[in-house]
Each structure stands twice: as structure tokens, then as C-alpha cells.
Number of protein chains: 2
Amino acid sequence: MYASKGVTVWFTGLSGSGKTTVADFISEELSRKGLACYVADGDTLRSGISRDLGFSRSDRSEHVRRAAEVAILFAKQNFVVLVPIITPYREMHDFIKKRHAEENLAFVEVYVAASLQACESRDPKGLYKLARGGGISHFTGIDDIYEKPLSPDITLDTAYKPPEECADEVISFLYTNKFI
Amino acid sequence: MYASKGVTVWFTGLSGSGKTTVADFISEELSRKGLACYVADGDTLRSGISRDLGFSRSDRSEHVRRAAEVAILFAKQNFVVLVPIITPYREMHDFIKKRHAEENLAFVEVYVAASLQACESRDPKGLYKLARGGGISHFTGIDDIYEKPLSPDITLDTAYKPPEECADEVISFLYTNKFI
């Protein structure tokens, strides 16, 4: 296993946009090349370190803050850290970047840009249906806002491109910019 | 770099008892042997993931809970995770063990047993002096309790043995019990 210099790749986008799928493809591909990769996905963190948090604005912000701190810990151990978390508010995008800069860690922001229509028509976990029916509240895109990142390093068109291709786009970016 | 199967080694003991010193020696020695090690020390976590927490009983418990969750994430990546954190309350010891058991992760509890007198006479960071003078409150051993673990896997006599020797004791235990 060889290590990168440590980099966090943060995937922001709506539920069902393909964040985790793309992150998993990247992790598999880079692990095959011998790089230490870590996917910090929202569900895993919510069942552990964020177990006490719900989906209010302040809880979501705190969840993202903790995810960023976990990412920093792994990036400092020279991992390629992949974080597929909705991250709906712009102030969070700013915070995450600032924290990585403070720690002198490389950071790449990926906007997973599938539209609400595309995500809702896929609805892989049936969550949009639940949210439309009122079974879930604070659901991003339905009754909670999603603020697109202002200047992402990469924008992935996951509604039209297959996830493998999107993963390759990110991997190329990481090599071209010498993050790995 | 080769990986262990993942194990958390948790050091509980008073401030100044030598927890971090011993953990650092172990990390250096095992890293030299090619094992992936991670020292999750309290100060680093308090400047990041626990930044919002103070030293009240509930904040200390939450800090330990988050440290345990971070340890679990690294142990799942096959690290030897070394956690030198005071961990003053017995209910925390139980919680940490339970969480590792739930995740099917190996866990070793180390009691760093230097007495209050020994720790206070060393006072490496000058914290006991501050606490005695009222400059810090909720200081373990002075105006906050420390509950010894009931059945630690290892007890280290850091008041009388040099830290290198204590580190070797832990390393031998890890090999003997096939944790690494």
C-alpha cells in the first residue's frame, strides 16, 4: 500500500445524485493502484459519531463539521478521503475549505450536479416518495434548501454520464493536479 | 506498510500519568515494524472534532464518545489505534467496550496507574499547579473524580517504570494475544 500526500475529495449534491456510487468507484480504482482510500459516507457517520444529530439546520451543519474533522484526521494519515455527503448549505462549503486550508491539506470540491427531477425520478432509496408524502421532513430539495457550490473544482453530470465515467473524470483531475 | 486486523488500545489514567508518552513509544515501535498506527490524542481531538466541548461531565462524556467513534473508524481501516485520553468515568469505560464489541473490533484497555501524588509531583504541563490555584476547574483528581477501570487488560506502573518498558509490555500483550 502506498500513500498519497493526503487529500480530501468532497462530493456535494442532492440525495440520489450518485455521490456515494461515484466515491465508491474511485475508492475501488485507487485502492487497486495501491493507494490508501477512505470513504466517509454520511450513513456510517450518522450511525456513529453523529448519532446524536438529526436533520435540523444546526444538526446538519454540525454533522458536516464532524465529517470534515474526520476527513482531516484521515487525510493527515495520507489517505485519499472521499466524502459523499449532501452538504446543502453554502456556509458549510466555505467552512470545510477553510478548515482544510488551516491544516494545510489538499481539498477538492466536487459538485454532483444531477437535477432534482433526475434524482427524484431515480429515487434509489424511496426517500423522495416518503418526503413528498410527508413521511420525512427537512428533506433536501423538497422542504429544505440545497445551495449549489459557487466554484466547485469539478462538476459531474451524473444524470447523463455513467458513474464509472464520472469516477474517471475525478481520478484524472487528481493525477493532473498532482494530488495523488 | 502492512496492516493489523484493527485494534483499539485505550489508555485511561490521570493527567501527567504518561498515557501519551507510552502511546507514542508504541506507535513509533510498531510503525518501524511496518504497522499502520494512529494516536488519537485528546488535545488533537479537542482542537478539531470536540472543539465545541468543555470539561463538564456531559461534555467529557461526549468527548470520549466521539474519540471512541474516531477510534472505531481507524480500527476498521486496520490501524492499531492508540487512544491516550484521561477517560475519568467508569460508565465511559463500559460504553467504549460495548461500542467496539458491537462493531466486532478488538479492544484493549490499559490502566496507566500512576498515583495522583506521582502525577502532581511531575506536573509536566503545570496543570496541577493551575488547578490547585483555582485557575482550571473540573480538573481530574483535584475537583473532578477519576474512577479506576474495574478490570483493565493491562495495568502500567508508569510512576516506577520507564515509558519504553511500559510500551514493551503493551506490545508484548498485543503479540501474545494475536491482536497484531
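Residues numbered from 1 in each chain as written. Chains lettered and ligands numbered in written order. Predicted model: local features only at pLDDT ≥ 70, side-chain atom pairs only at ≥ 80, totals over all residues.

Draft legend 1. Molecular detail of the overall build of chain A. Secondary structure summary: chain A contains seven helices and five strands in total. Ordered by position in the sequence, the α and β elements of chain A form the string β-α-β-α-α-β-α-β-α-α-β-α. In summary, chain A has a C-alpha radius of gyration of 16 Å against a globular reference of 16 Å for 180 residues, a match within 12%. Reported as C-alpha extents along the three principal axes, the dimensions of chain A are approximately 50 × 35 × 30 Å. Relative to its full complement of 180 residues, chain A shows a buried share of 43%. In chain A, 78% of the contacts between residues at least 6 apart in sequence involve partners at least 24 apart. (Helix = DSSP H or I, 4+ residues; strand = E, 2+ residues; numbered from the N terminus. Rg over C-alpha atoms; globule rule 2.2 N^0.38 Å. Buried ≥ 20, exposed ≤ 12 C-beta atoms within 10 Å, placed from the backbone. Contact = placed C-beta atoms within 7 Å.)

Draft legend 2. Inspection of unusual backbone geometry at higher detail. Residue and element names in this part refer to chain B. Even without being glycine, aspartate 123 reaches a positive phi, approximately 45°. Relative to the assigned elements, aspartate 123 resides in the loop between helix H5 (116–122) and helix H6 (127–132). Even without a glycine there, the phi angle at histidine 138 is positive, about 55°. For histidine 138, a count of 15 C-beta atoms within 10 Å corresponds to the partly exposed category.

Draft legend 3. Local environment of the interface of chain A and chain B. Facing ten residues of chain A, the contacting portion of chain B comprises ten residues. Top element by residues in the side of chain A that touches chain B is helix H3 (residues 57–76) of chain A. It accounts for five residues. Considering only residue class, the side of chain A that touches chain B consists of six nonpolar, two polar and two charged. (Nonpolar A, V, L, I, M, F, W, Y, C, P; charged D, E, K, R; others polar.)

Draft legend 4. Local environment of the pairing of strand E3 (residues 80–84) of chain B. Residue and element names in this part refer to chain B. Judged by how many residues are buried, E3 sits mostly within the fold: five of five residues are covered. Side chains Val80, Leu82 and Pro84 project from E3 onto one buried face, and the interleaved Val81 and Val83 project onto a second face that is buried too. Here five bridges tie strand E1 (residues 7–12) to E3, and the two strands are oriented parallel to one another. Bridging across to E3, valine 9 finds its partner in leucine 82. Where strand E2 (residues 37–39) meets E3, three bridges bridge the pair, whose relative direction is parallel. Its bridge partner being in E3, valine 39 is matched across the sheet by leucine 82. (Pairing = 2+ DSSP bridges.)

Draft legend 5. Fine view of the relation of the copies chain A and chain B. Note on the copies: chain A fits chain B at an RMSD of 0.0 Å, the axial shift is 0.0 Å, and the rotation between them is 180°. The transformation just described matches what one would write down for a two-fold rotation axis. Interface overlap between copies is the fraction of interface residues in one copy that are interface residues in the other; for chain A against chain B it reaches 100%, indicating a shared surface. (Least-squares fit on C-alpha atoms with pLDDT ≥ 70 in both.)

Draft legend 6. How the structure looks around the sheet that holds strand E2 (residues 37–39) of chain A. All names here are of chain A. The strand order across the open sheet formed by five strands is E2-E3-E1-E4-E5, and the pairing between neighbours is parallel. Of all the strands in the sheet, the pair left with one neighbour each is E2 and strand E5 (154–156). Neighbouring strand axes in the sheet, compared pairwise and without regard to direction, differ in orientation by 20° on average. Relative to strand E4 (residues 106–112), strand E1 (residues 7–12) runs parallel, the two sharing six bridges. Considered in E4, the bridge of valine 7 is made with alanine 106. Across the sheet, H3 touches E1, E2 and strand E3 (80–84), and the angle it forms with E3 is around 165°. (Axes fitted to C-alpha atoms, helices over the stretch in contact; angles between N-to-C directions.)

Draft legend 7. Just the nonpolar core, in detail. Among the nonpolar cores identified, the biggest contains 97 residues, and Val70(A), Val81(A), Val70(B) and Val81(B) are the most heavily contacted of them. Discounting residues that sit within four places of it in the chain, Val81(B) has contacts with Thr8(B), Val9(B), Tyr38(B), Ala40(B), Ala71(B), Phe74(B) and Ala75(B). (Core = buried A, V, L, I, M, F, W, Y, C linked by C-beta atoms within 7 Å.)

Draft legend 8. Examining the confidence of the model for chain A more closely. With 98% of its residues at a pLDDT of at least 70, chain A reaches an overall mean of 95. Two summary scores accompany this predicted model of the complex, namely pTM at 0.94 and ipTM at 0.92. (pLDDT = per-residue confidence, 0-100.)

Draft legend 9. Representation of the environment of Gly135(B) in the model. Residue and element names in this part refer to chain B. With respect to the helices, strands and loops of the structure, glycine 135 is situated in the loop between H6 and strand E5 (154–156). Judged by the 11 C-beta atoms lying within 10 Å of it, glycine 135 falls in the exposed class. C-alpha of glycine 135 to C-alpha of lysine 33: the two residues are 102 residues apart in sequence and 43 Å apart in space.

Draft legend 10. Representation of the sheet that holds strand E4 (residues 106–112) of chain B within the structure. Residue and element names in this part refer to chain B. Spatially, five strands are ordered E2-E3-E1-E4-E5 in an open sheet, and the strand pairing comes out parallel. Edge positions in the sheet fall to E2 and E5, since each of these pairs with one other strand and no more. If you compare each strand with its neighbour and ignore which way they point, the axes differ by 20° on average.

Draft legend 11. Representation of the packing of H3(A) against helix H4 (residues 90–102) of chain A in the model. Residues and elements named next belong to chain A. Close contact between H3 and H4 brings their axes to 10 Å; oriented N to C, the two are set at 25°. Between H3 and H4, the angle is such that the two are roughly parallel. Between H3 and H4 lies a crossing of right-handed hand. Mapping the contact onto sequence places Ser61, Val64, Arg65, Ala68 and Ile72 in H3 and Met92, Phe95, Ile96, Arg99 and His100 in H4. Among the residues making up the contact of H3 with H4, the classes are represented as six nonpolar, two polar and two charged. (Parallel < 35°, antiparallel > 145°, perpendicular 65-115°, else oblique. Left-handed = near helix turned anticlockwise from the far one by under 90°.)

Draft legend 12. Here's a closer look at helix H1 (residues 19–32) of chain A. Residue and element names in this part refer to chain A. End to end, H1 covers 20 Å across 14 residues, agreeing with the expected 20 Å (1.5 Å per residue, within 8%). By the burial criterion, the buried members of H1 are Lys19, Thr20, Thr21, Val22, Ala23, Phe25, Ile26 and Leu30. Against E1, E2, E3, E4, E5 and helix H7 (163–176) lie the buried residues of H1. Of the residues trailing H1, glycine 34 is marked for its positive phi of about 95°. (Expected span 1.5 Å × (residues − 1).)

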